[in-house]
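A closer look at the structure
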Amino acid sequence: MPKRVHVIDSAVQNRARVSRTFSDMGISNEIYENMEELLERVPTDGVIMASDDEHPRACENIMRSLQSAGSCLPVVMYSEKPRPEQIVNAMLSGALDYLVYPFSLAAISGAFDKLESEDFLRVSRTRKTAAALNQIKRLSKRELEILCCVVQGHSSKGIAKHLDISPRTVEVHRAKMLAKLSARSTADAVRIAIYAGID
């Protein structure tokens, strides 16, 4: 079971019911009215549960937004009365599962069990690599140099000496690098670099 679930649903009552379901299961959860709200502070852990009742190809849009933000969280879509094409589109877009709302605890458990499967772990690694490479492309040459030095364990002073620039300049570039990677910390930036094959 995941430790946290992020619920995206424009219907206030649905959000409350879904949130209560996870709370009753002992799972921490956050609720969002839409994808834009979630992207204001992209989560780095857990599972995304998103309603598929609002827009066509909702899952495709969610997956694309997550990748652009450098996130590879698994996504489970749900709908009260899903049409076959909705389910097919969601699964082809990369959804972990598709549930009919309101869903049972057994259905939720079954969806989350897939998080442990070899196929999911393999696909997850591939997505993380793709997302990391996409993020790395945003960096300038100097910011990429700084990131490489960080991965190698150099301090700001060590990086400054290695690149023949001032420690203050290193900090400025490091801050820009973290912002472009949407990294909350140096550890996050290192994780992204590792997935991108930088060592």
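Further up the page is the structure itself.
This part takes up the overall build of the protein. For the protein, the helix and strand inventory stands at ten helices and five strands. Expressed as lengths along the three principal axes of its C-alpha atoms, the size of the protein is roughly 60 × 30 × 30 Å. By residue count, 42% of the 199 residues in the protein fall in the buried class. The long-range share in the protein, meaning contacts at least 24 apart out of those at least 6 apart in sequence, stands at 64%. Of the roughly 10,900 Å² of accessible surface on the protein, 51% is carried by carbon and sulfur atoms.

Ordered in space as 2-1-3-4-5, the five strands form an open sheet in which the pairing is parallel. The open sheet has two edge strands, strand 2 (28-32) and strand 5 (97-100), and neither has a second partner. Put simply, the sheet's adjacent strands are angled 25 degrees from each other on average, direction ignored. Strand direction decides the pairing type here: strand 4 (residues 75-79) and strand 5, joined by four bridges, are parallel. In the strand pairing of strand 5, methionine 77 is matched with tyrosine 98. Across the sheet, helix 4 (residues 84-93) touches strand 4 and strand 5, and the angle it forms with strand 5 is around 150 degrees.

Further remarks concern unusual backbone geometry. A cis amide bond links tyrosine 101 to the next residue, proline 102, at an omega of 0 degrees. Here proline 102 is to be found in the loop between strand 5 and helix 5 (105-113). Positive phi is not limited to glycine here, since serine 182 has a value of about 55 degrees. As for its placement among the helices and strands, serine 182 is situated in the loop between helix 9 (167-180) and helix 10 (186-195). Of the residues examined, serine 182 reaches a relative accessible area of 44% and is grouped as partly exposed.

Turning to helix 3 (residues 58-68), its buried residues are Ala58, Cys59, Ile62, Met63 and Leu66. All buried residues of helix 3 fall inside an arc of 130 degrees around its axis, so they share one side. Count one or two residues on from helix 3 and you reach glycine 70, which has phi positive near 80 degrees.

How each quantity is defined
- Residues numbered from 1 in each chain as written.
- Predicted model: local features only at pLDDT ≥ 70, side-chain atom pairs only at ≥ 80, totals over all residues.
- Heavy atoms only, no water.
- Helix = DSSP H or I, 4+ residues; strand = E, 2+ residues; numbered from the N terminus.
- Buried < 20%, exposed > 50% of the residue type's maximum accessible area, 1.4 Å probe, protein only.
- Contact = heavy atoms within 4.5 Å.
- Areas by Shrake-Rupley, 256 points an atom, 1.4 Å probe, with all protein chains shown as cover.
- Pairing = 2+ DSSP bridges.
- Axes fitted to C-alpha atoms, helices over the stretch in contact; angles between N-to-C directions.
- Arc of directions from axis to C-beta.

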